[in-house]
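Chain and residue survey
Here is what each chain is made of, one letter per residue.
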Amino acid sequence: MRLELISKGFGMREVLGALTLSLARGERLAVLGPSGIGKSTLLRILAGLDTEFRGTLTGDARRAVVFQEPVLLPWRDALANIVIATGCAPELARDWLAQVGLAGHEAKFPRQLSLGQQRRLALARAFAAAPDILLMDEPFASLDGETAARMVALTDALLTRTGAGLLLVTHAPDEARALNAQAWHLSGQPARLQKD
Ligand SMILES: Nc1ncnc2c1ncn2[C@@H]1O[C@H](COP(=O)(O)OP(=O)(O)OP(=O)(O)O)[C@@H](O)[C@H]1O
């Protein structure tokens with residue numbers, strides 16, 4: 001997957017300036033920067049969720065996105081949340097639930113799960129889609145320290161096991177380090193990407 005961005009703005013305001021970013025399976029990249037700089041905007045472009053930009057996005061990598069809020073279907077149980085979103089077989093969904101430590105929680109509804117468990121369900125759903133690249137937007141924010149550390153370790157293990165690439169948007173350099181992700185910084189107005 002390769003993005004050659006000329007610019008991205010909202011209305012008259014240019015948020016992102018020219019930048020080039022390539023990412024393949026097995027590669028890990030973290031995009032850091034202050035609040036409001038354009039990190040989520042960049043992730044949404046890479047995810048294919050925002051096509052209103054000047055530039056080109058090329059490649060046929062399968063992508064899955066994990067947002068800060070788990071964005072689950074409230075009236076469907078954990079298993080159905082994965083099956084409906086990905087179209088995968090129930091057995092595969094069950095296997096992914098087990099891999100994120102949610103075996104036995106298949107029939108629970110999102111409101112019956114803690115925030116940490118909901119985040120793990122969202123992670124299982126993302127991996128069940130068999131992505132080449134996992135795009136994560138502040139996925140560890142607002143979890144307590146221990147839960148966040150466990151989730152980072154789990155993400156690291158699943159990325160290694162599946163060979164998926166990672167683009168992580170975060171405020172936290174230590175998350176990038178813990179995931180062995182190369183850190184890039186967004187700064188300036190309009191924002192540019194700089195290697196650490
Ligand atoms: N749909 C939109 N319409 C108008 N402006 C927007 C829209 N989405 C984002 N922006 C603006 O673009 C800028 C970048 O926003 P973005 O959410 O990408 O920043 P961020 O770096 O992800 O911030 P945070 O770390 O707080 O999530 C902000 O000034 C924001 O107000």
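In this text, all values refer to a predicted model and were calculated from it rather than measured experimentally.

Topic: the overall build of the chain
Each helix and strand counted, the chain has 6 helices and 10 strands in total. Over its C-alpha atoms the chain spans a radius of gyration of 17 Å, differing by no more than 12% from the 16 Å that the globule rule assigns to 196 residues. Along the three orthogonal principal directions, the C-alpha set of the chain runs to about 50 × 35 × 30 Å. By the burial criterion, 49% of the 196 residues in the chain qualify as buried. Excluding contacts between residues fewer than 6 apart, the proportion of contacts in the chain whose partners are at least 24 apart in sequence is 70%. Of the roughly 9300 Å² of accessible surface on the chain, a fraction of 52% belongs to carbon and sulfur atoms.

Re the UniProt feature "domain: ABC transporter" (unreviewed entry) in the chain
Per the UniProt record, "domain: ABC transporter" (unreviewed entry) is found at residues 1–196. Regarding residues 1–196, the helix share stands at 33% and the strand share at 27%, and the terminal C-alpha atoms are separated by 21 Å.

Details of the pattern of salt bridges
Pairing between side chains of opposite charge can happen when their charged atoms approach one another. Throughout the structure, instances matching the rule amount to 6 salt bridges. The residue Asp50 makes a salt bridge to Lys8 at a minimum N-O spacing of 2.9 Å. Of the two residues, Asp50 is situated in the loop between α1 (39–46) and β5 (54–58) and Lys8 in strand β1 (residues 2–10); the sequence distance between them amounts to 42 residues. Here Asp50 and Lys8 have matching classes, each one buried. Here Arg150 makes a salt bridge to Glu146, at a shortest N to O gap of 3.2 Å. Remark: Glu146 and Arg150 occur in helix α5 (residues 145–162); sequence separation between them is 4 residues, near one turn of the helix.

A few points about the pairing of strand β4 (residues 28–32)
Within a regular beta strand, the side chains point alternately toward one face of the sheet and then the other, so they alternate between its two faces. In terms of burial, β4 is a largely internal element, 5 of the 5 residues being buried. Burial along β4 is two-sided: Arg28, Ala30 and Leu32 facing one way and Leu29 and Val31 facing the other are all buried. Relative to strand β8 (residues 165–170), β4 is paired through 5 bridges, and the arrangement is parallel. Its bridge partner being in β8, Leu32 is matched across the sheet by Thr170.

Considerations on the packing of helix α4 (residues 115–128) against α5
It is at 11 Å that the axes of α4 and α5 come closest, and there the two elements cross at 10°. Classified by the angle their axes make, α4 and α5 are roughly parallel. Taken together, the residues of α5 that come into contact with α4 (itself represented by Gly116, Arg119, Arg120, Leu123 and Phe127) are Thr147, Met151, Leu154, Thr155, Leu158, Leu159 and Thr162. When the residues that make up the contact of α4 with α5 are grouped by side-chain class, the tally is 6 nonpolar, 4 polar and 2 charged.

What counts, and at which threshold
- Residues numbered from 1 in each chain as written.
- Predicted model: local features only at pLDDT ≥ 70, side-chain atom pairs only at ≥ 80, totals over all residues.
- Heavy atoms only, no water.
- Helix = DSSP H or I, 4+ residues; strand = E, 2+ residues; numbered from the N terminus.
- Rg over C-alpha atoms; globule rule 2.2 N^0.38 Å.
- Buried < 20%, exposed > 50% of the residue type's maximum accessible area, 1.4 Å probe, protein only.
- Contact = heavy atoms within 4.5 Å.
- Areas by Shrake-Rupley, 256 points an atom, 1.4 Å probe, with all protein chains shown as cover.
- UniProt positions renumbered as here; feature names shortened; annotations may be inferred.
- Salt bridge = Lys/Arg side-chain N within 4 Å of Asp/Glu carboxyl O.
- Pairing = 2+ DSSP bridges.
- Axes fitted to C-alpha atoms, helices over the stretch in contact; angles between N-to-C directions.
- Parallel < 35°, antiparallel > 145°, perpendicular 65-115°, else oblique.
- Nonpolar A, V, L, I, M, F, W, Y, C, P; charged D, E, K, R; others polar.

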